[in-house]
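Architecture at a glance
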Amino acid sequence: MKLPEALLRSLEGLPGYDHDAFVQVHESGAQVTSIRLNPAKSQAPGVLFQDLRSKISDLRSEILDPASRIPWSRYGYYLPERPSFTFDPLFHAGAYYVQEASSMFVEQALAQHADLSARLRVLDLCAAPGGKSTHLQSLLAPGSLLVSNEVIKARAGILSENLTKWGAGNSIVTSNDPAHFAKLEGFFDVIVVDAPCSGSGLFRRDPDAIAEWSPANVQLCQGRQQRILADVWPALKEGGLLVYSTCSYSAEEDEVILDWLTTTFQVVPLQLQCPDAGIVEVRSPEGAWGYRFYPDKIRGEGFFLAAFRKLDVAAAPRYKPKGADLLSAKETAPLEKWMDTEGLKFVRHGSRVLALPEDRVSDFSILQSALYIQQAGTAVGEPIRDKLVPDHALAMSPRVGGAVPRVELSYPDAIRFLQRQDFHIDTERGWQLVTFAGAPLGWINALPNRINNYYPREWRIRAQGPSGGTQT
């Protein structure tokens, strides 16, 4: 790996930068694999690693070793090597998320400077593919609201997929430019901006990113980062928490942005207590704290994070709520056999019925008036005459009803289901929730002469097993 000389020269003198160690770790070809468990679906780390006759089965003992824990995340674990996640049914069930370890440090900003016991409104502004959103969702108290936004609609699709698999019933996925949030003055308690950047922190994981890096691109990203922050700033309430991060080593995208925030807005920079794990605490010229992650010092990739408290007084809101189309009690009653309906309200959204926390319906109405909503709450399904065609999101939800018929699949059948291939099992007729190792994977409808597979076609496993056929 040949690192850009212009990058190496620009890093000289930055706190924590060691030229020789930095170059050596990139040239070594070493890779770090880490995952984060879903607390709503994983009772213990070991539940993820069944004897599947696949590479992932070998990791069961290692993940139970406390030394595999990521020190800045309660749910994060290092793996000794990278298994074939594609062929682990529990990956598709949303039992865990494959995420770069350094980026899990966002947990510390919220744990130390937000009241996670309170019902918060949180915005993840640049959210795709969903690593930080699924992480935030696991940290928030019941009754909180998470808005996950991705301006590029094609990338918003993978964001929706990952939040659906995570079973995040208190989240709303939007696809809007940051400027569209300006009218939601003072709406959010926390805003996380994992800003688009020049990507130098990802060189080890993605060597192709080297060809795209240049000093000019760093400057371009700096201007974009300032615009994003300025556009979304009105939406943060007075006293609210802003978390800013990049996967760039360049000071122009890190410390310089901190000083721009400090001199442009009324903020208080926030210091974080760090585990003794090689994280480098820095101070910008204006006195803001930042946290640098170098791959020669920590087990992870390049990352930068800072946090601020807003002092600016938020203006009066400029939105007019758009009323939600709520189902009546009579229309809601049949849904009780499908899911736990306590504390939920049901809304018609297009042809589908959505389940929302009852005390967040008004937030949904507000957001609907200001933003393009791609996904909200839990999609229950589509009523057709007097029956419900259940949505895949219902299968992924921890609220799916305990009385819903279930059928446990073998490992080969679970893979065939996820590939949308034909498979044959003995089961009663009608809608069935198929599971693997007890974890729901999706729906089938068993008819007299065939089984209809309702796994989302666009999410199916397209690859074959390592041997060239379906892995068993």
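Here the residue index of a chain counts from 1 through its sequence in written order. The model is predicted, so local features are restricted to residues of pLDDT at least 70 and side-chain atom pairs to those at 80 or more, both for listing and for counting; the totals for chains, interfaces and linings are taken over all residues. The basis for every side-chain value is the complete set of non-hydrogen atoms in the structure, without hydrogens or water.

When its volume is computed, the largest pocket comes out at roughly 1200 Å³. Any residue with an atom within 4 Å of a point lines the site, the site being either a cavity, points on a 1 Å grid over the protein atoms alone where a 1.4 Å probe fits but cannot get out, or a pocket, an open set with protein on both sides within 12 Å along at least 5 of 7 lines. Forming the walls of the largest pocket are 46 residues, and the residues nearest its centre are A128, R155, D194, L202 and C247. Ranked by the residues each element gives to the lining of the largest pocket, the list is headed by helix α9 (residues 215-232), at 4 residues. All residues other than Ala, Val, Leu, Ile, Met, Phe, Trp, Tyr, Cys, Pro, Asp, Glu, Lys and Arg, Gly among them, are scored as polar; the first ten of these are nonpolar and the last four charged. Taken together, the residues of the lining of the largest pocket sort by class into 19 nonpolar, 13 polar and 14 charged. Grid points are joined across faces, edges and corners, and a volume is the space filled by probe spheres set on the points. Runs of E in the DSSP output that reach at least two residues are strands. Runs of H or I that reach at least four are helices, and both are numbered from the N terminus.

Taken as a whole and judged by the stated rule, the model has 2 cavities of 30 Å³ or more. Computed from the structure, the largest cavity encloses a volume of approximately 70 Å³. Taken together, F91, H92, G94, Y96, Y97, N162, K165 and W166 make up the full set of residues lining the largest cavity. Those elements that provide at least two residues to the lining of the largest cavity are α4 (89-92), β3 (96-98) and α7 (153-166).

So, about the sheet that holds strand β15 (residues 352-357). Two strands pair if DSSP finds at least two bridges between them. In space, the 5 strands of this open sheet follow the order β13-β14-β15-β17-β18, with antiparallel pairing throughout. Among the strands making up the open sheet, the edge pair consists of β13 (325-326) and β18 (387-390). As paired elements, strand β17 (residues 378-384) and β18 share 4 bridges and run antiparallel to each other. If you follow I384 over to β18, its bridge partner there is K387. Contacts: residue pairs with any heavy atoms within 4.5 Å of one another. Lines fitted to C-alpha atoms define the axes here, with helix axes fitted over just the stretch in contact, and angles between the N-to-C directions of these axes take values from 0 to 180 degrees. Strand contacts of helix α12 (residues 361-370): β13, β14 (344-349) and β15, with the helix running at about 25° to β14, the strand carrying the most contacts.

What follows deals with the UniProt feature "binding site: S-adenosyl-L-methionine" (unreviewed entry) in the protein. UniProt positions are given in the numbering used here, feature names are shortened, and annotations may be inferred rather than shown by experiment. UniProt's feature table lists "binding site: S-adenosyl-L-methionine" (unreviewed entry) at C126, A127, A128, P129, G130, G131, K132, E150, D177 and D194, given in the numbering used throughout. Of the residues annotated just before, the largest pocket has C126, A127, A128, P129, G130, G131, K132, E150, D177 and D194 among its lining. Along the chain, K132 turns up in helix α6 (residues 131-139). Discounting residues that sit within four places of it in the chain, K132 has contacts with Q99, S103, D124, V192, D194, S245 and F303. Mapped onto the secondary structure, D194 falls in strand β7 (residues 188-194). Among residues more than four places away in sequence, those in contact with D194 are C126, K132, S245, T246 and F303.

Here we take up the nonpolar core. The biggest cluster of nonpolar side chains holds 62 residues, and the ones touching the most others in it are F181, L184, F188, I191, V193, L242 and L367. Sort the elements by how many residues they give to this core and α12 lands first, with 5 residues. Counting residues domain by domain, this core receives three or more from each of domain 1 (101-310) and domain 2 (319-393). When neighbours within four sequence positions are excluded, V193 is seen to be in contact with L125, C126, I228, L229, V232, L242, V243, Y244 and S245. Residues grouped as a nonpolar core are buried Ala, Val, Leu, Ile, Met, Phe, Trp, Tyr and Cys residues, joined through side-chain atoms within 4.5 Å. Think of it in three bands: residues with accessible area under 20% of the maximum for their type are buried, residues over 50% are exposed, and the middle band is partly exposed, with areas taken using a 1.4 Å probe on protein chains only. Domain limits in this description derive from either an automatic procedure or a database domain assignment.

Next up on the list: the environment of K132. Classification of K132 by relative accessible area gives buried; the value is 9%. When the C-alpha positions of K132 and V192 are compared, they lie 8.7 Å apart, and in sequence the two are 60 residues distant. Pairs of N or O atoms within 3.5 Å make up the polar contacts considered here, provided that, within protein, one atom can donate a hydrogen while the other can accept it, and that residues adjacent in sequence are counted only when both atoms are side-chain atoms. A polar side-chain atom of K132 sits 3.2 Å from a polar atom in the side chain of D194.

At the junction of A128 and P129, the peptide bond is cis and its omega measures out at 5° in the coordinates. The topology assignment puts P129 in the loop between β4 (121-124) and α6. Although it is not a glycine, R385 sits at a positive phi angle of roughly 55°. Owing to a relative accessible area of 80%, R385 belongs among the exposed residues under this scheme.

The subject of this paragraph is the UniProt feature "active site" (unreviewed entry) in the protein. Cross-referencing UniProt, the feature "active site" (unreviewed entry) maps to C247 in the present numbering. When you line up the elements, C247 lands in the loop between β8 (236-246) and α10 (255-264). Excluding its chain neighbours within four sequence positions, the residues that come into contact with C247 are C197, G199, S200, G201, L202, G302 and F303.

Turning our eyes to something else, we now look at the packing of α6 against α7. Helices that pack against each other are described as a pair by the angle of their axes relative to one another and the distance between those axes. Two numbers describe how α6 lies on α7: the axes approach to 9 Å, and their chain directions differ by 30°. The orientation of α6 with respect to α7, classified from their angle, is roughly parallel. For α6 against α7, the interelement crossing comes out right-handed. Judged by residue contacts, S133, T134, Q137 and S138 of α6 engage L159, N162, L163 and W166 from α7. Tallied by class, the residues present in the contact of α6 with α7 amount to 3 nonpolar, 5 polar and no charged. In what follows, roughly perpendicular refers to angles from 65 to 115 degrees, roughly parallel to angles under 35, roughly antiparallel to angles over 145, and oblique to any angle outside these ranges. Less than a right angle of anticlockwise turn of the near helix away from the far helix marks a crossing as left-handed, whereas a clockwise turn marks it as right-handed.

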